[in-house]
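Structural description and commentary
Here's the letter readout for the chains.
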Amino acid sequence: AQKVTQAQTEISVVEKEDVTLDCVYETRDTTYYLFWYKQPPSGELVFLIRRNSFDEQNEISGRYSWNFQKSTSSFNFTITASQVVDSAVYFCALSEAPQTGANNLFFGTGTRLTVIP
Amino acid sequence: DSGVTQTPKHLITATGQRVTLRCSPRSGDLSVYWYQQSLDQGLQFLIQYYNGEERAKGNILERFSAQQFPDLHSELNLSSLELGDSALYFCASSVEGSETQYFGPGTRLLVL
């Protein structure tokens, strides 16, 4: 069965601090996809990144970076030099790749990040 | 702006009533997904359509139904509404061959 765990319910940091959001997943599939989405106070879900299970290369995009480790089933997300605009709920999600094409997302419970000015 | 549109943005109704939520996917996307976000259940997958056909079903109640029309827009019908159906309902779409889903702004449903 699929499962995504975000153990951190809420995190508060002071502006300009670095912060890492943790995500641990479970799946029996050998091919799967991992995602991070951001939900700002306005409520929409904004896609941030997708990682394929066969690509463990970590990625940096501006102030964001992602650390994917298959050995520990983790897909952590780091924001460097946090800003007030980073305040949001961040969701980690998993999609498996069945041959049926049913690729719905399984979401974690989210981590609420508050950046204090 | 993801390119996915949802109407209405807000909906207030009474228990026992029926409502229809509408979603237009991004241009070229054939898959449409519906998700429900509530305080107690979190973000849950409801149903997926691909080019007019149902492709996957999640935790969707029998009182709920959906369809995708030839122009690819989708509607989610919620009937015999209960207080517990109050939630944010998201639609998402994806292009064939891509696992990435782009979400609409959501419809916030309040059942009184």
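Quick caveat: nothing in here was measured; it's all calculated off a predicted structure.

1. Description of a nonpolar patch on the surface
All names here are of chain B. Taken together, the side chains of I12, L110 and L112 make up a nonpolar region of the molecular surface, amounting to roughly 320 Å² of accessible area. Note on placement: I12 falls in strand β2 (residues 10-13). Classification of I12 by relative accessible area gives exposed; the value is 61%.

2. A few points about the layout of surface pockets
Size it by volume and the largest pocket reaches roughly 640 Å³. Lining the largest pocket are 27 residues, and of these Q39, V89 and R112 of chain A together with Q37 and L39 of chain B lie nearest its centre. Elements represented by at least two residues in the lining of the largest pocket include exactly β10 (88-96) and β12 (111-116) of chain A together with β4 (31-38), β9 (87-94) and β11 (107-111) of chain B. Looking at the lining of the largest pocket element by element, the count peaks at four residues for β12 of chain A. Across the lining of the largest pocket, the residue classes tally to 10 nonpolar, 13 polar and four charged. In this model, the second largest pocket occupies a volume close to 250 Å³. Every residue lining the second largest pocket is counted, 16 residues in all, and those nearest its centre are F106 and F107 of chain A together with L43, Q44 and N59 of chain B. Residue assignment for the lining of the second largest pocket shows that the elements contributing at least two residues are β1 (3-5) and β11 (105-107) of chain A together with β5 (42-50) of chain B.

3. Structural notes on unusual backbone geometry
A cis amide bond, omega -10 degrees, links T7 of chain B with the succeeding residue P8 of chain B. In this fold, P8 of chain B is placed in the loop between β1 (5-7) and β2. With phi around 50 degrees, A81 of chain A is a residue other than glycine that occupies positive phi space. Position of A81 of chain A among the secondary structure elements: in the loop between β9 (74-79) and β10.

4. Let's talk about the state of the cysteines
In this structure the tally under the stated criterion is two disulfides over all chains. With its sulfur 1.9 Å from that of its partner, C23 of chain A forms a disulfide with C92 of chain A. With the S-S bond torsion at -65 degrees, the cross-link from C23 of chain A to C92 of chain A turns out left-handed. Remark: C92 of chain A occurs in strand β10 and C23 of chain A occurs in the loop between β3 (19-21) and β4 (24-26); sequence separation between them is 69 residues. C92 of chain A gets classed as buried once you look at its relative accessible area, which sits at 0%. Each disulfide pairs two cysteine sulfurs, and for C23 of chain B the partner residue is C91 of chain B, the sulfurs being separated by 1.8 Å. Judged by the torsion about the S-S bond (-50 degrees), the C23 of chain B/C91 of chain B disulfide is left-handed.

5. Notes on the pairing of strand β6 (residues 46-52) of chain A
Residues and elements named next belong to chain A. Note: strand β5 (residues 32-39) against β6, six bridges, orientation antiparallel. Bridge pairing in β6 links K38 to V46. The turn joining β5 and β6, which pair antiparallel and follow one another in sequence, is formed by six residues; a positive phi near 105 degrees is taken by G43.

Parameters at a glance
Residues numbered from 1 in each chain as written. Chains lettered and ligands numbered in written order. Predicted model: local features only at pLDDT ≥ 70, side-chain atom pairs only at ≥ 80, totals over all residues. Heavy atoms only, no water. Patch = residues over 30% accessible without salt bridge, like charges linked within 9 Å, V, L, I, M, F, W, Y side chains within 5 Å. Areas by Shrake-Rupley, 256 points an atom, 1.4 Å probe, with all protein chains shown as cover. Salt bridge = Lys/Arg side-chain N within 4 Å of Asp/Glu carboxyl O. Helix = DSSP H or I, 4+ residues; strand = E, 2+ residues; numbered from the N terminus. Buried < 20%, exposed > 50% of the residue type's maximum accessible area, 1.4 Å probe, protein only. 1 Å grid on protein atoms, 1.4 Å probe; cavity = no way out; pocket = protein on both sides within 12 Å on 5 of 7 lines; lining within 4 Å. Points joined across faces, edges and corners; volume = space filled by probe spheres on them. Nonpolar A, V, L, I, M, F, W, Y, C, P; charged D, E, K, R; others polar. Disulfide = S-S within 2.5 Å. Pairing = 2+ DSSP bridges.

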